[in-house]
Amino acid sequence: MKYAIVAKEDLKTKEVKEKVLKEIKLTYDEKNPDLVIALGGDGTIIKAIHKYPKATTFGLHTGHLGFYANYGVSDLEILINDINNNEFKVNETSLISCEIETLDGKKIFDNAINEITIVTPLRTMMVDVLIDDIFFERYRGTGLCISTPTGSTAYNKSLNGSVIDSSLNVMQLTEIAGINSNAYRTLSSPIVLDGKRTIKLASGAHFDDVFITVDHISYDIKNFKSLYIKYKGESVKMAYHKYEGFLERINRTFLVSKD
Ligand code: NAP
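Residues numbered from 1 in each chain as written. Predicted model: local features only at pLDDT ≥ 70, side-chain atom pairs only at ≥ 80, totals over all residues. Heavy atoms only, no water.

1. Describing the overall build of the chain
When helices and strands are counted, the chain shows 5 helices and 16 strands. Since a compact globule built from 259 residues should have a radius of gyration of about 18 Å, the 20 Å found for the chain is in line with a globular shape. In terms of overall dimensions, the chain has a C-alpha envelope of 60 × 40 × 35 Å along the principal axes. Out of the 259 residues belonging to the chain, those deemed buried represent 49%. Put simply, of all contacts in the chain between residues at least 6 apart along the chain, 65% involve residues at least 24 apart. Only carbon and sulfur atoms are counted for the fraction: they give 51% of the accessible area of the chain, which is about 13000 Å². Side chains of the chain give 32 positive and 34 negative charges; the mean places of these two sets differ by 2 Å. (Helix = DSSP H or I, 4+ residues; strand = E, 2+ residues; numbered from the N terminus. Rg over C-alpha atoms; globule rule 2.2 N^0.38 Å. Buried < 20%, exposed > 50% of the residue type's maximum accessible area, 1.4 Å probe, protein only. Contact = heavy atoms within 4.5 Å. Areas by Shrake-Rupley, 256 points an atom, 1.4 Å probe, with all protein chains shown as cover. Lys, Arg positive; Asp, Glu negative; His and termini not counted. Charge placed at Lys NZ, Arg CZ, Asp CG, Glu CD.)

2. Some words on the site of the ligand
Near the ligand there are 18 residues, and of these Asp42, His61, Glu115, Thr153 and Ser158 occur at the shortest range. Residue Asp42 places a main-chain N or O atom 2.8 Å away from an oxygen atom belonging to the ligand. A distance of 3.1 Å separates an oxygen atom of the ligand from a polar backbone atom of Tyr155. Protein chains shield 61% of the accessible area of the ligand, which is 840 Å² for the free molecule. Mapped onto the shell around the ligand, the elements with two or more residues apiece are α2 (42-51) and α4 (155-158). Take the shell around the ligand: its biggest share by element is 4 residues, from α2. Both domains that meet at the shell around the ligand, namely domain 1 (2-88 + 241-255) and domain 2 (95-233), each give it at least three residues. (Near = heavy atom within 4 Å. Polar contact = N/O pair within 3.5 Å; in protein donor to acceptor, adjacent residues only side chain to side chain. Domains from an automatic or database assignment.)

3. Comments concerning the pattern of salt bridges
Applying the stated criterion to the full structure yields 12 salt bridges. The shortest N-O distance in the salt bridge between Lys2 and Asp29 comes to 3.6 Å. Of the two residues, Lys2 sits in strand β1 (residues 2-7) while Asp29 sits in the loop between β2 (27-28) and β3 (35-40), which places them 27 residues apart along the sequence. Under the relative-accessibility criterion, Lys2 is labelled partly exposed at 29%. (Salt bridge = Lys/Arg side-chain N within 4 Å of Asp/Glu carboxyl O.)

4. Here we look at the pairing of strand β14 (residues 210-214)
Consecutive side chains of a regular strand alternate in pointing toward one face of the sheet and then the other. Judged by how many residues are buried, β14 sits mostly within the fold: 4 of 5 residues are covered. Sheet topology places strand β8 (residues 115-119) next to β14; 4 bridges connect them, and they run antiparallel. Among the inter-strand pairings, Val119 is bridged to a residue of β14, identified as Phe211. Here β14 pairs with strand β15 (residues 217-221) via 5 bridges, running antiparallel. Considered in β15, the bridge of Thr213 is made with Ser218. (Pairing = 2+ DSSP bridges.)

5. Some details on the pairing of strand β10 (residues 134-147)
Here β8 pairs with β10 via 5 bridges, running antiparallel. Paired with Thr117 across the strands is Cys145, a residue of β10. Strand direction decides the pairing type here: strand β9 (residues 125-131) and β10, joined by 7 bridges, are antiparallel. Bridge pairing links Val129 to Glu137 in β10. Here β9 hands over to β10 after 2 residues, with Asp132 in that stretch at a positive phi of 55°.

6. Notes on empty space enclosed by the protein
According to the stated counting rule, one finds 1 cavity of 30 Å³ or more in the structure shown. Within this model, the largest cavity holds a volume of roughly 40 Å³. Considering the residues around the largest cavity, the lining is formed by Phe136, Glu137, Leu144, Leu173, Thr174, Glu175, Leu187, Ser189 and Ile191. Sorting the residues of the lining of the largest cavity by element identifies β10 and β11 (170-178) as the ones contributing at least two each. When its residues are assigned to classes, the lining of the largest cavity shows 5 nonpolar, 2 polar and 2 charged. (1 Å grid on protein atoms, 1.4 Å probe; cavity = no way out; pocket = protein on both sides within 12 Å on 5 of 7 lines; lining within 4 Å. Points joined across faces, edges and corners; volume = space filled by probe spheres on them. Nonpolar A, V, L, I, M, F, W, Y, C, P; charged D, E, K, R; others polar.)

7. A short note on the domain arrangement of the chain
You can read the domains of the chain as domain 1 (2-88 + 241-255) and domain 2 (95-233). In this structure, domain 1 and domain 2 have C-alpha centres spaced 30 Å apart. A combined buried area of about 1000 Å² lies between domain 1 and domain 2, and 74% of that area is made up of carbon and sulfur atoms. Counting the contacts that link domain 1 with domain 2 gives 0 salt bridges. Summed over the shared surface of domain 1 and domain 2, the number is 4 residue pairs in polar contact (both at pLDDT 80 or more). Counting residues per element, the ones that place at least two in the side of domain 1 that touches domain 2 are α2 and α5 (246-255). Counting residues per element, the side of domain 1 that touches domain 2 draws most heavily on α2, at 4 residues. (Buried area = accessible area lost by both parts, 1.4 Å probe.)

Structure (structure tokens):
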């Protein structure tokens, strides 16, 4: 088994990284690792998953314990022991996938662990929302966010979307400053959709310049035609030592301070 590290650049994380490099007995291989140790925050863990989607990810939070991290700094010895002795367990986290198509026929494919957004920060966006290829609404506003269950506590939560139990196979569509008046009408509230459904956003008239984000990655799309989103199911392997359920995770991330 080979491993790699993806780490934040701060001093505390560098110290943790040095200890990991010294004590892990596996071969270090940045090209084709079986295991990836992500040192930092949820942001670092997400970047590690995008870089090595097929590897098993060990998330160790070097700040406050984040939503995806299964190890904190005080668990460093446990993490090292889990890897050296192959004693860890694995559960799987869901992704959503997207296909971006431009008017000149180019296609971009990507997967998100948190969310996919489509935004026009400076102009009013107009897109037709189709669910299962059936017209649902014509949306006008700043943008739309489609999140996974585990991503529901990230940007989606700031948009007043619901927090979703991570055991559910669903995706959530949330508006980013939607316009609602006698002239323009959308659902306004977030909608949670069965994972078997598909969401298609198709460019409205006179509108073709958008930003599409896939977690931390941003695509500047000049000739936007459509964005097609599907729930991909559980496909990211996350290592853990002691199982922590969804409610405990929500509780310690948002409700109970450790201080
Ligand atoms: P980032 O710094 O990596 O992430 C932004 C913040 O969101 C960090 O505090 C991060 O926690 C936290 N976070 C990430 N995933 C989470 C999750 N599933 N549940 C709870 N908190 C989570 O920012 P970035 O590099 O631009 O990465 C993009 C991410 O930022 C997106 O996936 C999006 O969810 C989030 N974002 C949020 C807003 C908003 O809330 N207004 C706006 C844009 C983007 P750590 O400190 O542990 O890394």
